[in-house]
Amino acid sequence: LQQTQQKPHETRDNNIELGTINYWTYSTTAPVVTSAAANVANGTYSLSWNSVGVDNLQNGTTVPPGLYGQNCLIDFYYKGFDSNITVKATDLTNTFASQVLTASTGFTQVKLNFVCPTSGSVYFQLVSGADAAIGYVDEIHLGSANNLTDYNGAINYGTEAWADSE
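For clarity, every value in this text was computed on a predicted model and none was experimentally measured.

Glancing now at the side chain of D55. Within the element layout of this structure, D55 appears in strand β5 (residues 55-62). Buried D55, no salt bridge; nearest opposite-charge side chain is K88, N-O distance 13 Å. Among the polar contacts made by the side chain of D55, one reaches the side chain of S27 at a distance of 2.6 Å. There is a polar contact of 2.9 Å between the side chain of D55 and the backbone nitrogen of T28. Non-local contacts of D55, meaning those with residues more than four positions away in its chain, are made with S27, T28, T29, W49, L126, V127 and S128.

Dropping the structure here:
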């Protein structure tokens, strides 16, 4: 967790950058922190996961009141994996958004937008539907959506009407 880089209402790297898997939970296969340069997108460490069947891996945070019902984002980089892996934004009961990953030989960015729940927790979750290729995740952001444009300040200057002369 990059505490010095953390913004309000945000979880970053979920302790990966500290070289630990503390606070990560899984059903079958434990993740591993790796420092092999070829498998790290940024910083010193990334999380390696090699699911061997139907499995899941997750890390979450309590939704702060400032994000209740607001636009939220899971943003991360991954390498490896295959279409047996799905990333989800979830409270472990409801799925708010999901995306099936594809095999990637280099680090690929995923941005998964969703509306934060009005209470409880939200999790970054990887789900394996079958034996999947090993993969690496890095630079995880779970929090306020910083990739959406806000048009609340738009001004309506009126309407226009015309008649077709044909």
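Having seen the model, we can carry on.
Bringing the sheet that holds strand β2 (residues 25-26) into the picture now. Adjacent strands of a sheet form backbone hydrogen bonds with each other and so pair up, either parallel or antiparallel. Strand order in the open sheet made by the five strands is β2-β5-β10-β7-β8, with antiparallel pairing throughout. The open sheet is flanked by β2 and β8 (95-100), the only strands paired with a single partner. Summarising the sheet, strand β7 (residues 85-90) and strand β10 (residues 121-128) pair through six bridges and their orientation is antiparallel. Counted as the bridge partner of T90 is Y123 from β10.

Further remarks concern the confidence of the model for the protein. Do not read the predicted coordinates in detail wherever pLDDT is low. The predicted model of the protein has a mean per-residue pLDDT of 85, with 81% of residues at 70 or higher. Ranking the helices and strands of the protein by mean pLDDT puts β8 first, with 98, and strand β1 (residues 10-12) last, with 54.

With that out of the way, let us pick up the packing of aromatic side chains. Both the distance between ring centres and the angle between the ring planes are used here to describe each pair of aromatic rings. Throughout the structure, instances matching the rule amount to five aromatic pairs. Ring geometry for W24 and F124: centres 6.0 Å apart, planes at 90°, overall edge-to-face. Pair noted here: W24 is in the loop between β1 and β2 and F124 is in strand β10, with a separation of 100 residues, a long-range link. With a centroid separation of 6.1 Å and an interplanar angle of 15°, the aromatic rings of F96 and F114 are classed as stacked. Of this pair, F96 sits in strand β8 while F114 is found in strand β9 (residues 104-115), placing the two residues 18 residues apart along the sequence. Taking the relative accessible area as the measure of exposure, F114 reaches 5% and is therefore buried. An aromatic cluster of three or more residues is present, and its members are W24, F76, Y78, F81 and F124.

Scoring rules and cut-offs
Residues numbered from 1 in each chain as written. Predicted model: local features only at pLDDT ≥ 70, side-chain atom pairs only at ≥ 80, totals over all residues. Heavy atoms only, no water. Helix = DSSP H or I, 4+ residues; strand = E, 2+ residues; numbered from the N terminus. Buried < 20%, exposed > 50% of the residue type's maximum accessible area, 1.4 Å probe, protein only. Lys, Arg positive; Asp, Glu negative; His and termini not counted. Salt bridge = Lys/Arg side-chain N within 4 Å of Asp/Glu carboxyl O. Polar contact = N/O pair within 3.5 Å; in protein donor to acceptor, adjacent residues only side chain to side chain. Contact = heavy atoms within 4.5 Å. Pairing = 2+ DSSP bridges. pLDDT = per-residue confidence, 0-100. Phe/Tyr/Trp six-rings, centres within 6.5 Å; stacked < 30°, edge-to-face > 60°.

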